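What follows is the residue order along each chain.
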Amino acid sequence: MNLCTDQLAMLLASPGQLISISNIASDPLVSAMVDEAATYPMNFGRAEEIYLLAPDLVLAGQYSRGNAVEMLERLGVPVLRLPFAQSMQDVAANMRTIGAALGRDRVGEEMAATFETRLTTLREDVATPLTAALYSANGYTTGEHSLSGQILLAAGFENIATRAGIPYGGVLPMELLIMAEPDLVITSQPYPGASRSEDILKHPAIATLRSHQRRATMSDQQWVCGTPHVLAAVESLVADRRALQEASE
Amino acid sequence: MSRLFVILTLGMVALFVISLVVGPAQIGPVDSLVALVAGDGSPLTLIMREIRLPRAILAVLIGGGLGLSGAALQGYLRNPLAEPGLIGVSSTAALGAVVAIHAGLAASLSLGLPLAALAGALIGVFLVLGFAGSQGGSLTLILAGIAMSALAGALTSLVLNLSPNPFAASEIVFWMMGSLADRSIVHVWLLLPFAFVGAALLVSQARGLDALTLGEDAAQTMGINLSRLRLVLVVGVACIVGGSTAVAGAIGFVGLVVPHILRPFVGAQPSRLLWASGLGGAIMLQAADIAVRVILPERDLKLGVVTALVGAPLFLHLIYKTRRGLA
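What you are looking at is a predicted structure, and each value in this text was computed from that prediction instead of being measured.

1. Brief notes about the overall build of chain B
Okay, step 1: Secondary structure assignment for chain B yields 15 helices and zero strands.
Okay, step 2: Along the first, second and third principal axes, the C-alpha set of chain B runs to 65 × 50 × 35 Å.
Okay, step 3: The buried share among the 327 residues of chain B stands at 55%.
Okay, step 4: Once local pairs closer than 6 in sequence are excluded, the contacts in chain B between residues at least 24 apart make up 78%.
Okay, step 5: For chain B, the accessible area works out to roughly 13500 Å², and carbon and sulfur atoms hold 72% of it.
Okay, step 6: One way to put it: in chain B the 17 positive side-chain charges average out to a point 10 Å from where the 12 negative ones average out.

2. Things to note about the overall build of chain A
Okay, step 1: When helices and strands are tallied, chain A shows twelve helices and ten strands.
Okay, step 2: In summary, chain A has a C-alpha radius of gyration of 20 Å against a globular reference of 18 Å for 249 residues, a match within 12%.
Okay, step 3: Seen through its C-alpha atoms, chain A measures out along the principal axes to roughly 60 × 40 × 30 Å.
Okay, step 4: Out of the 249 residues in chain A, the part that is buried amounts to 50%.
Okay, step 5: By sequence separation, contacts in chain A at least 24 residues apart represent 64% of the contacts at least 6 residues apart.
Okay, step 6: As displayed, chain A offers around 11500 Å² of accessible surface, 53% of which is attributable to carbon and sulfur atoms.
Okay, step 7: Across chain A, the 17 positively charged side chains and the 28 negatively charged ones have centroids separated by 2 Å.

3. Digging into the interface of chain B and chain A
Okay, step 1: Taken together, the contact between chain B and chain A spans 28 residues of the former and 23 residues of the latter.
Okay, step 2: Summed over both partners, the interface of chain B with chain A buries about 2200 Å², with 66% contributed by carbon and sulfur atoms.
Okay, step 3: A salt bridge links glutamate 175 of chain A to arginine 52 of chain B; the shortest N-O distance between them is 2.7 Å.
Okay, step 4: Counting every contact that joins chain B to chain A gives two residue pairs in polar contact (both at pLDDT 80 or more).
Okay, step 5: Residue assignment for the side of chain B that touches chain A shows that the elements contributing at least two residues are helix H3 (43-77), helix H4 (89-102) and helix H9 (185-204) of chain B.
Okay, step 6: Among the residues making up the side of chain B that touches chain A, the classes are represented as 15 nonpolar, eight polar and five charged.

4. Focus on the domain arrangement of chain A
Residues and elements named next belong to chain A.
Okay, step 1: As far as domains go, chain A holds domain 1 (3-120) and domain 2 (130-248).
Okay, step 2: Put simply, the middle of domain 1 and the middle of domain 2, counted by C-alpha atoms, are 27 Å apart.
Okay, step 3: Residue-level contacts link 21 residues of domain 1 with 21 residues of domain 2.
Okay, step 4: Summed over the three residues of domain 1 that lose the most area to domain 2, namely Leu29, Gln86 and Met88, the buried surface amounts to 30% of that side.
Okay, step 5: Elements represented by at least two residues in the side of domain 1 that touches domain 2 include exactly helix H1 (3-12), helix H5 (88-101) and helix H6 (105-122).
Okay, step 6: In terms of residues, the side of domain 1 that touches domain 2 owes the most to one element, H1, which gives five residues.

5. Points about the confidence of the model for chain B
Okay, step 1: Overall, the prediction assigns chain B a mean pLDDT of 86, with 97% of residues at 70 or greater.
Okay, step 2: Of the two predicted TM-score estimates for the complex, the pTM is 0.84 and the ipTM is 0.76.

6. Digging into the packing of aromatic side chains
The relation between two aromatic rings is expressed through the spacing of the ring centres and the mutual angle of the planes.
Residue and element names in this part refer to chain B.
Okay, step 1: Applying the stated criterion across every chain yields a total of three aromatic pairs over all chains.
Okay, step 2: Measuring from ring centre to ring centre gives 5.4 Å for phenylalanine 5 and tryptophan 275, while their planes differ by 75 degrees; the resulting arrangement is edge-to-face. Highlighted residues: phenylalanine 5 in helix H1 (residues 2-21) and tryptophan 275 in helix H14 (residues 270-295), separated in sequence by 270 residues.
Okay, step 3: Using a relative accessible area of 24% as the deciding quantity, one classes tryptophan 275 as partly exposed.

7. Section: unusual backbone geometry
Okay, step 1: Of note, alanine 54 of chain A is a non-glycine position whose phi angle comes to about 50 degrees, a positive value.
Okay, step 2: Take alanine 54 of chain A: it is sitting in the loop between helix H3 (47-52) and strand S3 (58-61).
Okay, step 3: Exposure remark for alanine 54 of chain A: the relative accessible area of 56% places this residue in the exposed category.
Okay, step 4: Phi angles above zero are rare outside glycine, and arginine 78 of chain B is one such case at about 50 degrees.
Okay, step 5: Turning to its location among the elements, arginine 78 of chain B is positioned in the loop between H3 and H4.
Okay, step 6: Assessed through its relative accessible area of 35%, arginine 78 of chain B is described here as partly exposed.

8. Concerning H14 of chain B
Okay, step 1: Across its 26 residues, H14 of chain B extends 35 Å between first and last C-alpha, which sits within 8% of the 38 Å expected from 1.5 Å per residue.
Okay, step 2: Of all 26 residues in H14 of chain B, 20 are buried, a share of seventy percent or more.

9. With respect to the pattern of salt bridges
Residues and elements named next belong to chain A.
Okay, step 1: Taken as a whole, this structure holds eleven salt bridges over all chains when the rule is applied.
Okay, step 2: Between glutamate 116 and arginine 96 there is a salt bridge, and its shortest N-O distance comes to 3.3 Å. Linking glutamate 116 in helix H6 with arginine 96 in helix H5, this pair joins segments that are 20 residues apart in sequence.
Okay, step 3: Since its relative accessible area comes to 29%, arginine 96 is described here as partly exposed.
Okay, step 4: Members of the salt-bridge network, linked through shared partners, are Arg96, Glu109 and Glu116.

10. So, H6 of chain A
Residue and element names in this part refer to chain A.
Okay, step 1: The terminal C-alpha atoms of H6 lie 26 Å apart, and with 18 residues this matches the ideal 26 Å at 1.5 Å per residue to within 8%.
Okay, step 2: Listed as buried for H6 are Gly108, Met111, Ala112, Phe115, Leu119 and Leu122. Seen along its axis, H6 keeps its buried residues to an arc of 95 degrees; they face one direction. What points out from H6, more than 90 degrees from its buried face, is the exposed set Arg106, Thr117, Thr120 and Thr121.
Okay, step 3: Check the buried side of H6 and you find it contacts H1, H5, helix H7 (147-154) and helix H12 (230-248).

11. Quick word on the sheet that holds strand S7 (residues 157-159) of chain A
Residue and element names in this part refer to chain A.
Okay, step 1: A sheet is described by the order of its strands in space; here four strands give the open sequence S7-S5-S9-S10, paired in parallel fashion. Each of the sheet's edge strands pairs with one partner strand only, and the pair in question is S7 and strand S10 (216-218). When the angles between neighbouring strand axes are averaged without regard to direction, this sheet yields 35 degrees.
Okay, step 2: Bridging between strand S5 (residues 130-135) and strand S9 (residues 184-188) involves four bridges; their strand directions are parallel. By the bridge assignment for S9, alanine 133 is matched with valine 185.

12. A look at the pairing of S3 of chain A
Residue and element names in this part refer to chain A.
Okay, step 1: Neither face of S3 is left uncovered, since the one carrying Val58 and Ala60 and the one carrying Leu59 and Gly61 both have all their residues buried.
Okay, step 2: Of the pairings in the sheet, the one linking S3 to strand S4 (residues 79-82) comprises four bridges and is parallel in character. In the strand pairing of S4, leucine 59 is matched with leucine 80.

Scoring rules and cut-offs
Residues numbered from 1 in each chain as written. Chains lettered and ligands numbered in written order. Predicted model: local features only at pLDDT ≥ 70, side-chain atom pairs only at ≥ 80, totals over all residues. Heavy atoms only, no water. Helix = DSSP H or I, 4+ residues; strand = E, 2+ residues; numbered from the N terminus. Buried < 20%, exposed > 50% of the residue type's maximum accessible area, 1.4 Å probe, protein only. Contact = heavy atoms within 4.5 Å. Areas by Shrake-Rupley, 256 points an atom, 1.4 Å probe, with all protein chains shown as cover. Lys, Arg positive; Asp, Glu negative; His and termini not counted. Charge placed at Lys NZ, Arg CZ, Asp CG, Glu CD. Rg over C-alpha atoms; globule rule 2.2 N^0.38 Å. Buried area = accessible area lost by both parts, 1.4 Å probe. Salt bridge = Lys/Arg side-chain N within 4 Å of Asp/Glu carboxyl O. Polar contact = N/O pair within 3.5 Å; in protein donor to acceptor, adjacent residues only side chain to side chain. Nonpolar A, V, L, I, M, F, W, Y, C, P; charged D, E, K, R; others polar. Domains from an automatic or database assignment. pLDDT = per-residue confidence, 0-100. Phe/Tyr/Trp six-rings, centres within 6.5 Å; stacked < 30°, edge-to-face > 60°. Expected span 1.5 Å × (residues − 1). Arc of directions from axis to C-beta. Pairing = 2+ DSSP bridges. Axes fitted to C-alpha atoms, helices over the stretch in contact; angles between N-to-C directions.

As C-alpha cells, this is what we get:
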C-alpha cells in the first residue's frame, strides 16, 4: 500500500506471494520498478478493495493512508507498518524486516548484506569534502537526518543544510543558498504540469550559481525509497564529485 | 500639493532602499548597496541584483498600479468602496494566470501569462461594471464583486486541483493572497509594459474624472465622452491588475486603503488623487513587503495577509459610514 514497501516486496517476495501493489508503484516518475509493477494487480490504497483481496498480510508505510490502514486493522487484517528509512542502516533493517515478514528471511538477509557491502565500497574517505545543497520546489532543502541527506554524505559531500542549521528539512532562503556557494546544487526533478513552486529552480540567481557547475538532479525513483536503488544515486553522485575534484585540480 | 508630492516621493525612495537591505542573508546595508552597484560577480552582487532588486521594483510597480487603479475606479463610480480586489477583478485575473500556466500557454509564449491574466481581468471588470451599472450603486457593486470573487476563486482552485503537479494544489493560497517572494527580473520585464500602458491610460482620463464629480450630465455638457472614458478606464485597470496578478497573485485592499487615506490631502479631487494614490500604493506595498520579511522571515507570510489585516477593518468602517449615509 506504499511506494517503498511495494518495491521491497516485489524484490523479496516469492512468485505468487504478492497479490497486489499500490498504483503509485506504476508511476515512472517516482517508482524505479515500473516494469515489474506492471505484472501485479494494482490497488488504490482504499480499505474496501484491500479487504476484499483477503490478504494474509498488508505492508504499509508508517505514515501512509492512515485511515485506510486503521480500518483494516479494525477489521482484523494483519498490517505491518514499515518505518520510514532515514538512514542507510534503516534501509538495510527494512529489507530484513520485510524479508522476515514474508517468510523469506534468507533472501532479505542476503539483500541487506549485499547492500551494506556495496555501500561500504562506494563510501570512501574524502580529505576535503565538497559542499552540496539539495534544493527542491519552494526552496525546500533536506538535512543530514533524511535518506537524501545520507545519500549525499555517502557520496562524500558536505551538506549546506547542516551548516545552515537545518538537521531534518526545511526552507532554505535562496539568499542563504547563494551566500553558501555550494560546489554542487542538486535540484529535484520537475513534475509534469507547471507550478509556481517549481519556478524557483529556474530562477536566474540559481541559474547563475549553477552556470559553472555540473548538472545534478535527484530523481525521486532513486532518492525517495530505501531500496537497493539508492546505491545508484550514490554512484552517480560519486561520479559527479570525482569530476568536480578533477576539474578543480 | 507639491509638498505632498515631495513627502510621498521621499517615502517611496526611502522604503525602496530599506527594501534592498532587508533579507535573510545578514549583510550590512553599506556592503549590500556597494555590491549592487559594483557588480564584481560575487554572491553578494548576485543576491542584490537577482533577488532583492527585482523584489523591490515589483513592490513599487504593483503597489503603485493598484493604488492608481483603486483611485480611478472610485473616481469613475463615485464610490469609495470600489477596489480591484474587492470587486473581483484580481480574482478573475488570477484565474486567467492559473489557466495560462496549466494550459502551457505561459511556457510557450513569453507574454502568455500576463496576457491571459489581462484577459481575465478584462472579463472581470466588464462583468462587474455591467452588473453594477454606470451609477455604481454600492450594494450591487459589492454583491457583484463577491459573486465574481467566489466564482473565480472556485474555478482557480479547480484548475489547481486537477493539475498533475503535486505542488499546484498548495499554490491556491499564493494566488488568493499574493507574494513577492523569489520573483526574478524576468517578472519585472513581464509586468513593466502592462504597468506603464495601464498607468498612462488611467492618468490620461484625469480631466474626465474631475468632470464626473459634478455628475454625468454635467460631465457630458463639458465635452466628456462617457462611454470612451469608461472603456479606457476598464482597459487601464485590467492592464495593471492583470500584469500585477500574473506575477504576484491577487493582492487586495491596496487600492481601497491608499485613496481613502490620501483623499483629504488632495481636496477630494480625482485627478490629484490619481498620482498621489500611485505613490501611496507603492509606499504601502513596499512597507507590507518589508513587514513580511521582518516579522516572520522564515514563513513566507503572504503579502495579501498583511494588506488585508490593514484593509479589512477600514473596509468595514467605510461600509458603516455608507450605511449611515443611506439612512
